[in-house]
Amino acid sequence: MAESSDNGPTVKTPFIGQSRLRVEDDRLLRGDARFVDDLDIPGALEVAFLRSQFAHARIDRIDIAAALESPGVVAVYDGNFVSGHIKPLLNAEELRVPPGIAALNPVNKLQPAPILATDEVNYVGQPVAMVIAESRYLAEDAVELIEVDYHELPAVMDPEAALLADAPLALLGEDNNVGVHVRHGVGDVDLALSSAAVVVEETFATQRYVCAPMEPRGLVARNDPFTEALTVWSTTQTPHRVRDHIAESIGISSDQVRVQSVDVGGGFGQKGILVVEELLIPFAARDLGRTVRWIADRYENLTADAHAREQIHHITLGADADGRLVAVRDNIIVNLGNRNMVGLVVPYNALCHLVGPYRAPNVDIETTGVLTNTTYTSPYRGAGRPEATFAMERAMDRLALELDLEPSELRRRNLITADEMPYRTGILDRRGVPQEYDSGDYPQMLDRAVEMIDLDSVRAAQATVSTGQSHDRSTTWRGIGFAMYLEMTGLGPFEGARAEVTPAGRIRLFTGAPSQGQGHRTVFPQILADALGVRPDQIDVVAGDTDTIPYGVGTIASRALVTAGNAAHQAGINLRARILEAAAEVLEANPADLDMADGIVSIAGSPSVELPLADLIRSIPKQLGGSGSDGLGETSYFQPPNYATASGVHAAVIDVEPSTGRVTIVDYVVVHEAGHIVNPMIADAQVVGGVGQGIGGILCEHMQYDDRGQPLASTFADYLMPVASMVPDIRMDEIVCPSPTNPLGVKGLGEGGAVGPPAAIANAVEDALRNAGRTDIVIASGPLSPSRVLDLLREERHPSP
Amino acid sequence: MTGTPSSVPGAISQAVPPPVSEPTARHQIRVTINGSDVAAEVESRLLLADFLRHRVGLTGTHLGCEQGSCGACTVLVDGAAVRSCLMLAPQVDGREIRTVESLAEPDGPLSVIQEAFTNQHGLQCGFCTPGFLCSLTAFAEEAEEDGRDISESDLDAQLDSSFCRCTGYVNIRRAAREAFGFDSGDTHG
Ligand code: FES
Ligand code: FES
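Residues numbered from 1 in each chain as written. Chains lettered and ligands numbered in written order. Predicted model: local features only at pLDDT ≥ 70, side-chain atom pairs only at ≥ 80, totals over all residues. Heavy atoms only, no water.

Engineer: Account for the overall build of chain B, naming residues and giving values.
Structural biologist: Helices and strands together make up the secondary structure of chain B, namely five helices and six strands. Listing the helices and strands of chain B from first to last along the sequence gives β-β-β-α-β-β-β-α-α-α-α. In terms of its C-alpha atoms, chain B occupies a principal-axis envelope of roughly 55 × 35 × 30 Å. Per-residue burial over chain B gives 57% buried out of 189 residues. (Helix = DSSP H or I, 4+ residues; strand = E, 2+ residues; numbered from the N terminus. Buried < 20%, exposed > 50% of the residue type's maximum accessible area, 1.4 Å probe, protein only.)

Here is the structure:
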């Protein structure tokens, strides 16, 4: 441990809490990273897919003969062939319904995805045939030669239209387009609304957008003739799940599959669910006895990988005359895409996070996941929370307007206080047990945010604004908006960590939770070093290699720090005890007299005796009369007993330029709470990274389809990503309410940053327009691109109420 | 051939040839890559990015869109920042290319810009990073050649040349400010 001994006794400074620079960076900065497409495997074949051009069609004929003759082609697979060898895809873990939720009688249809389409395609981008060739160029040449006769079928893209009785079926053979449905609440909403002093009823929607990590999905699979095992190098966020799925669907033992995460260029949820390509590539590697590589290009990433976020909320809030919420009702429509891939995950997350930090005695939320002829959807950073928060926080602003209250004041009146923690909401959480917030101080966060953003001076500046439409580019309208949210983090059921001493006397830490940029090689050693009595630079992390730890879940749902972090902590405590025990044998001392710092074992009172870990581990096999226990290693699995509930307030000050419709963020403040922070530099950057994605979502990103189901954004020229000049220097503050749910007192924060911006910025824009006299405009959805804002300004003024 | 081309003076490295079955016309090119002479046979349609990554083994240059939007593939061609997904390998015959691998000597210290990126935590997954590093390196060198001062707003505008999906750009901007001698605004010391 780091020690400081200014005067008096030595004080051990924990590594947890230090902003340590990242050990990952050097390789990445020098261009020495190893992303999947960087692996140099001689003779590796490359893959290109023929994908459906139709949103919904019957396949009458597929002819691969010409493609097989194309130069450099090694194999062409179609659906008829692979369906005999690979089981259809089901994301089984995500589709599981816990017993408590099952008691709510949900609909959760199991709709396995065909590995390659055989007789029906349900979205543009669906894989129809797979070409394997000596290079991607040659594979793409051959794809052009595959002939498919399609018979176009009626398609439906709009989720509400898909619910109408006469809507075309998005997936033939189903009774209707409902994939998921659940209704849940507490109290009596009808009764409460009938006596409420104020009721607001609005529709708010989040548009469809895409995780779009800079590195698209990809994998390389190699079948080793020596061990007859498959090695799969993958961009996945969940390597153990991928291992089990591959083994199960191609019918081999999970011992014959090794999935390894290498450097991964962002995931954000898109790489957290399993797709058919991840089964096809390993199958082909085995079938051909060759190494096979597939790296999605951006076109595939945008049009044929998972989309996210598209939800419509018909929300009603009722309050008493003081603005205290008496009832919340919401009817949520989630566009699932062409089939139910991940079940209740996003719809139920939206449901159980909707009310968030507020007290609401009567709640009734219905959520329906609808099939449409669009690509499938996955959780995306926040997984239902940004969408729910958009609806709830927009509605809170509308309620504040009705009551003529400052929006932050309305929020303050409704916040659950620190004294009420742990707080039970009266509804069931995603595990199907009573939802309980473990700790937090929402009023304090709000007070700090109001002060930091300087609400009073923004209001004073607004009082001087010139109203009415202006073509003078120097005219800007200022607005301020808030959004509050919470996030139940640290999803179970478990994560594991194995810590062991290497022959060189270093420590290696294995875990199932790989990094896609979160800095696990820096953060986990800070935790383990404290538990063990070594320095972080004596620890190497191997994350996401299924051969090094038998079980794992992965890095999704703001869970890695809570689950893998606590597993590493436990493994460290156990390994320390094991080391001291073994050292006691070697040194013929009492374990209680031993200590370890910097990886060197010492005996109290005998400063001349020092036993470095390298010497210790070397002596164990030769220790006559020793216990005979094997080397020095301990595995721990941590099962969180409850979610660790993190929370935040975002406050945005924006300027709208009425002549162009441009929205500029002038100031952006985040006050958040995520328990003890292991590495503040990395934690803050996780929040800011999420804010950047949220800003993209509300200001520019939009994955649209035309009415025949053609995606209108298939490159970054059409799918507008946020750039540096759109994101100001985010100002941050944090409070700490350690989580009682885990020994480290930590909470997850990977997703939180993305939850607040859409609501905070939309609230701020509406505030700006209202202050400039456009009281008629209600911002129902994003993205607030310049053209969209101009459209809003041009809209007919509704008569003022 | 894999890895950084040998820097033995006068040595010529040979790049991996096209697949035998590649149908497009082939060209013999000679190009200086990170200070080394490289001779290569390349097909007409080979992207410069693919040439660097898969024929020369310099995988530090990344592809994020292959269509000119994201900037991840940025390299320096005759000193200018170029998107290597928008250039074909035959076009670089006789030219001088530098990639992210050249910004620091393999065992030497990081460049000022690289160092600033780690100090300011300007990278998370690091996939976009080589593009930002090459773009900023070209930007700094061009300004120096022209004897031009770079203002903070010039620098901010330059950062819009690439996408980053992880960082929200704030720490990239701090890194750039540190590297170019402005106050970074860093709050973590
Ligand atoms: S890969 Fe070249 S600009 Fe995106
Ligand atoms: S650090 Fe991941 S894309 Fe920039």
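Here the narrative resumes, following the displayed structure.
Engineer: Lay out the nonpolar core with the relevant residues and their values.
Structural biologist: Grouped together as the largest cluster of nonpolar side chains are 168 residues, with contacts concentrated most on Leu-317, Ile-654, Phe-716 and Ile-761 of chain A together with Phe-117 of chain B. At nine residues, helix 13 (residues 385-403) of chain A tops the list of elements feeding residues into this core. For Leu-317 of chain A, the contacting residues outside a window of four places in its chain are Leu-193, Val-198, Val-199, Val-200, Leu-325, Ala-327, Val-328, Met-392, Ala-395, Met-396 and Leu-399 of chain A. Core analysis: the next-biggest nonpolar cluster, separate from the first, contains 45 residues, Ala-567, Leu-594, Val-601 and Ile-682 of chain A among them. (Core = buried A, V, L, I, M, F, W, Y, C linked by side-chain atoms within 4.5 Å. Contact = heavy atoms within 4.5 Å.)

Engineer: An account of the packing of helix 2 (residues 112-119) of chain B against helix 5 (residues 170-179) of chain B is needed here, citing residue identities and associated values.
Structural biologist: All names here are of chain B. The geometry of helix 2 relative to helix 5 is characterised by a closest axis approach of 8 Å and an angle of 135 degrees between their N-to-C directions. Viewed along their axes, helix 2 and helix 5 adopt a mutual orientation that is oblique. Pair helix 2 / helix 5 crosses with right-handed handedness. Contacts between helix 2 and helix 5 pair Val-112, Ile-113, Ala-116, Phe-117 and Asn-119 from the former with Ile-172, Ala-175, Glu-178 and Ala-179 from the latter. Across the contact of helix 2 with helix 5, the residue classes break down as seven nonpolar, one polar and one charged. (Axes fitted to C-alpha atoms, helices over the stretch in contact; angles between N-to-C directions. Parallel < 35°, antiparallel > 145°, perpendicular 65-115°, else oblique. Left-handed = near helix turned anticlockwise from the far one by under 90°. Nonpolar A, V, L, I, M, F, W, Y, C, P; charged D, E, K, R; others polar.)

Engineer: Tell me about unusual backbone geometry, residues and numbers included.
Structural biologist: Residues and elements named next belong to chain A. Here the residue pair Met-421 and Pro-422 is connected by a cis peptide bond, since its omega of -10 degrees sits within 30 degrees of zero. Within the element layout of this structure, Pro-422 appears in the loop between helix 14 (407-414) and strand 19 (423-428). Residue Gly-782 is joined to Pro-783 through a cis peptide bond whose omega torsion reads -5 degrees. By the element assignment, Pro-783 lies in the loop between helix 22 (757-771) and helix 23 (786-794). A positive phi angle, close to 50 degrees, is found at Glu-588, a residue other than glycine. Position of Glu-588 among the secondary structure elements: in the loop between helix 18 (560-587) and strand 25 (594-597).

Engineer: Hey, could you go over the interface of chain A and chain B for me, with residue numbers and the actual values?
Structural biologist: By a widely used convention, the size of an interface equals the accessible area lost when the partners come together. Across the contact, 61 residues belong to chain A and 57 residues belong to chain B. Here chain A and chain B share an interface that buries about 4,700 Å² over both sides, 55% of which is from carbon and sulfur atoms. On the surface where chain A and chain B come into contact, there are six salt bridges. Across the pair Glu-701 of chain A and Arg-165 of chain B runs a salt bridge, and its minimum N-O distance is 2.7 Å. Between the two partners, chain A and chain B, sit 32 residue pairs in polar contact (both at pLDDT 80 or more). Residue assignment for the side of chain A that touches chain B shows that the elements contributing at least two residues are helix 1 (25-30), helix 6 (136-143) and helix 20 (680-699) of chain A. Considering each element in turn, the side of chain A that touches chain B owes the most residues, ten residues, to helix 20 of chain A. Considering only residue class, the side of chain A that touches chain B consists of 31 nonpolar, 14 polar and 16 charged. (Buried area = accessible area lost by both parts, 1.4 Å probe. Salt bridge = Lys/Arg side-chain N within 4 Å of Asp/Glu carboxyl O. Polar contact = N/O pair within 3.5 Å; in protein donor to acceptor, adjacent residues only side chain to side chain.)

Engineer: Which residues make up the pattern of salt bridges, and what values go with them?
Structural biologist: All names here are of chain A. What the rule picks out here adds up to 77 salt bridges over all chains. Note that Asp-305 and Arg-217 form a salt bridge whose closest N and O atoms lie 2.8 Å from each other. Here Arg-217 lies in the loop between strand 11 (198-206) and strand 12 (218-224) and Asp-305 lies in the loop between helix 11 (298-303) and strand 16 (311-319), a separation of 88 residues in the sequence. Across the pair, Arg-217 and Asp-305 agree in class, each one buried. The partner of Arg-359 in a salt bridge is Glu-420, and the shortest N-O contact between them spans 3.1 Å.

Engineer: Which residues make up helix 5 of chain B, and what are the values?
Structural biologist: The buried fraction of helix 5 of chain B amounts to nine of the ten residues, a majority that puts the element mostly inside the structure. Every buried residue of helix 5 of chain B is accounted for by Val-170, Asn-171, Ile-172, Arg-173, Arg-174, Ala-175, Ala-176, Arg-177 and Ala-179 of chain B. Where the residues of helix 5 of chain B are buried, they touch helix 20 of chain A together with helix 2, helix 3 (129-146) and helix 4 (152-159) of chain B. The positive-phi residue at the C-terminal boundary of helix 5 of chain B is Gly-181 of chain B, with phi of around 80 degrees.

Engineer: If you had to explain the packing of aromatic side chains to someone new, which residues and values would you point to?
Structural biologist: Residue and element names in this part refer to chain A. For the structure shown, the criterion picks out 14 aromatic pairs over all chains. A centroid spacing of 5.6 Å and a plane angle of 90 degrees characterise the contact between Phe-49 and Trp-294, whose relative ring orientation is edge-to-face. Highlighted residues: Phe-49 in strand 3 (residues 45-51) and Trp-294 in strand 15 (residues 292-295), separated in sequence by 245 residues. Here Phe-49 matches Trp-294 in class, with each residue buried. Counting every residue linked through ring pairs, the aromatic cluster contains Tyr-77, Phe-81 and Phe-283. Above the plane of the ring of Tyr-380 lies Arg-309, whose end atom (NZ or CZ) is 4.1 Å from the centre. (Phe/Tyr/Trp six-rings, centres within 6.5 Å; stacked < 30°, edge-to-face > 60°. Lys NZ or Arg CZ within 6 Å of the ring centre and 35° of its normal.)

Engineer: Any chance you could break down the sheet that holds strand 9 (residues 147-152) of chain A for me, citing the residues and the numbers?
Structural biologist: If you walk across this open sheet you meet the three strands as 7-4-9 (chain A), and the pairing is antiparallel. Either end of the sheet is taken by a strand with one partner, and the two such strands are strand 7 (120-121) and strand 9 of chain A. (Pairing = 2+ DSSP bridges.)

Engineer: Could you give me a rundown of the packing of helix 17 (residues 520-532) of chain A against helix 18 of chain A, with the residues and numbers involved?
Structural biologist: Residues and elements named next belong to chain A. Where helix 17 meets helix 18, the axes come as close as 8 Å, and the angle between the chain directions of the two elements is 40 degrees. For the element pair helix 17 and helix 18, the recorded crossing hand is right-handed. Contact residues: helix 17 offers His-520, Val-523, Phe-524, Ile-527, Leu-528, Ala-531 and Leu-532, while helix 18 offers Ala-560, Leu-561, Ala-564, Gly-565, Ala-568, His-569, Gly-572, Ile-573, Leu-575, Arg-576 and Ile-579. Within the contact of helix 17 with helix 18, the residues separate by chemical class into 13 nonpolar, four polar and one charged.

Engineer: Explain the domain arrangement of chain B to me, using residue names and the numbers behind them.
Structural biologist: Residue and element names in this part refer to chain B. Here the domain parsing of chain B yields domain 1 (26-102) and domain 2 (112-179). When each unit is reduced to the centre of its C-alpha atoms, the spacing between domain 1 and domain 2 is 21 Å. Taken together, the contact between domain 1 and domain 2 spans 18 residues of the former and 14 residues of the latter. Carbon and sulfur atoms make up 60% of the area that domain 1 and domain 2 hide from each other, which totals about 1,200 Å². Seen at the junction of domain 1 and domain 2, the total is one salt bridge. Here Glu-141 ties to Arg-98 by a salt bridge, and the two come within 2.7 Å at their closest N and O atoms. (Domains from an automatic or database assignment.)

Engineer: Give me the lowdown on the domain arrangement of chain A, citing residues and values where you can.
Structural biologist: Residues and elements named next belong to chain A. By domain assignment, chain A separates into domain 1 (25-32 + 492-638), domain 2 (212-303) and domain 3 (311-490 + 642-794). Contacts between the two partners involve 20 residues from domain 1, matched on the other side by 18 residues from domain 2. Carbon and sulfur atoms make up 46% of the area that domain 1 and domain 2 hide from each other, which totals about 1,400 Å². Our count for the domain 1 to domain 2 interface comes out at three salt bridges.

Engineer: Which residues make up the pairing of strand 10 (residues 178-186) of chain A, and what are the values?
Structural biologist: Residue and element names in this part refer to chain A. Examined bridge by bridge, strand 6 (residues 107-108) and strand 10 share two bridges and lie antiparallel to one another. The residue of strand 10 that forms the bridge with Asn-108 is Val-180. Inspection of the sheet shows strand 10 paired to strand 18 (residues 363-371) by eight bridges, in the antiparallel sense. In the strand pairing of strand 18, Gly-185 is matched with Asp-364.

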